[in-house]
Amino acid sequence: SSSSRDEALRDKRARILSRGLPKQKPIEGVKQVVVLASGKGGVGKSTTAVNIALALAANDSTKEVGLLDADIYGPSIPKMMNLKGNPELTPKNLMRPLKNYGIACMSMGFLIEETAPVVWRGLMVMSAVEKLLRQVDWGQLDYLVIDMPPGTGDVQLSVSQNIPIAGAVIISTPQDVALLDARKGAEMFRKVHVPVLGLVQNMSVFQCPKCKHKTHIFGADGVRDLAKTLGLDILGDIPLHVNIRETCDSGQPVVISQPQSDA
């Protein structure tokens, strides 16, 4: 019958598609992987990733936390975590993460000169990401926070399909052009069956330090509206604050350097 033929065709198609997908393999020693992503660059994703990793560790001192910078072209974790130098190698030829503030960190920035551009094609980038994931001695981690590059390209797909991910967090400003890309990011994770834990609205409001007047520079509540549309939670609302920017630029993120501040 035509229905049984259709069913056989669907089965065949599913088998062919599943053959092309890599088998997910956990990272040795890592219990939970959380990815921080944004559709667009410049929305404060790395700043948020760094402070979330530090907050996870500060929230429970029994937990071991790692931070992986998966942005090959523009690694910013070394500067934000105040780390320099090349990783040492273990007897098994694995790279040892560099550590600061109790967080184990790995980044392309540890392997190249700070001012050197990475002029690579896709395959080389994928190979580098694979090495940063698999050829690192993470020890025993409760959480590995991965700071993804912006967009929905090769790196995001490869990471999502190669390792089991507990959840993704999408960072966006309330600006319309950022929201368009944030929505694409959320939809991409849904397509590859990665749970989206929720959205973070960054640079939501600026308060003048002198007169205390509040200005919504990038618009108000755009991320909240998107979260409602997608049926997702808002995990946080971060103001546009000079302390958040200054502390990350100086390698002393606000969660660790000013833990009692509003920021």
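Scroll up to find the structure this text is about.
Predicted model only: the values in this text are computed from it and were never measured.

The eight strands lie next to each other as E3-E4-E2-E5-E1-E6-E7-E10, forming an open sheet whose pairing is mixed. The sheet is open, and its two borders are formed by strand E3 (98–100) and strand E10 (234–237), each paired with just one other strand. Averaged over all neighbouring strand pairs, the angle between strand axes comes to 25 degrees, with direction disregarded. Across five bridges, the pairing between strand E2 (residues 65–69) and strand E5 (residues 141–147) is parallel. Bridged to Asp69 within E5 is Asp147. The strands that helix H6 (residues 176–191) touches are strand E1 (30–37), strand E6 (167–172) and strand E7 (196–201); relative to E6, the one it contacts most, it runs at about 175 degrees.

Attention now goes to the nonpolar core. By size, the foremost hydrophobic cluster in this structure holds 67 residues, and its most contacted members are Leu67, Trp138, Ile146, Val159 and Phe189. Those residues in contact with Ile146 that sit more than four places away from it in its chain are Val33, Val34, Val35, Leu36, Leu68, Ala70, Leu133, Val159 and Ile163.

Scanning the model with the defined rule gives 10 salt bridges in all. As a salt-bridge pair, Lys184 and Asp181 come within 3.8 Å of each other at their nearest N and O atoms. Here Lys184 and its partner Asp181 are both found in helix H6, three residues apart, which amounts to about one turn of the helix. Each of Asp221, Arg224 and Asp237 takes part in a single network of salt bridges with overlapping partners.

Within the element layout of this structure, Thr47 appears in helix H2 (residues 45–59). If sequence neighbours within four positions are ignored, Thr47 has contacts with Met80, Ile244 and Cys248.

Reading guide: rules and limits
- In this convention, every chain numbers its residues from 1, walking through the sequence in written order.
- This being a predicted model, a pLDDT of at least 70 is required before a residue's local features are given, and a value of 80 or more before pairs of side-chain atoms are given or counted; all residues contribute to the totals for chains, interfaces and linings.
- Think of the side-chain values as coming from all heavy atoms in the structure, minus any hydrogens and water.
- At least two bridges found by DSSP between two strands are what make those strands a pair.
- A run of H or I in DSSP becomes a helix once it reaches four residues, and a run of E becomes a strand once it reaches two; helices and strands are each numbered from the N terminus.
- Each axis is a line fitted through C-alpha atoms, and for a helix only the stretch in contact is used; angles between axes span 0 to 180 degrees, taken between their N-to-C directions.
- Any two residues whose heavy atoms approach within 4.5 Å at even a single point are treated as in contact.
- Buried residues of nine kinds, namely Ala, Val, Leu, Ile, Met, Phe, Trp, Tyr and Cys, make up a nonpolar core once their side-chain atoms join them within 4.5 Å.
- Exposure is judged per residue with a 1.4 Å probe applied to protein chains only, and the accessible area is read against the type maximum: over 50% gives exposed, under 20% gives buried, and values in between give partly exposed.
- The salt bridge definition used is simple: a Lys or Arg side-chain nitrogen within 4 Å of an Asp or Glu carboxyl oxygen.

Read these as layout, nothing more, since geometry by itself doesn't imply function.
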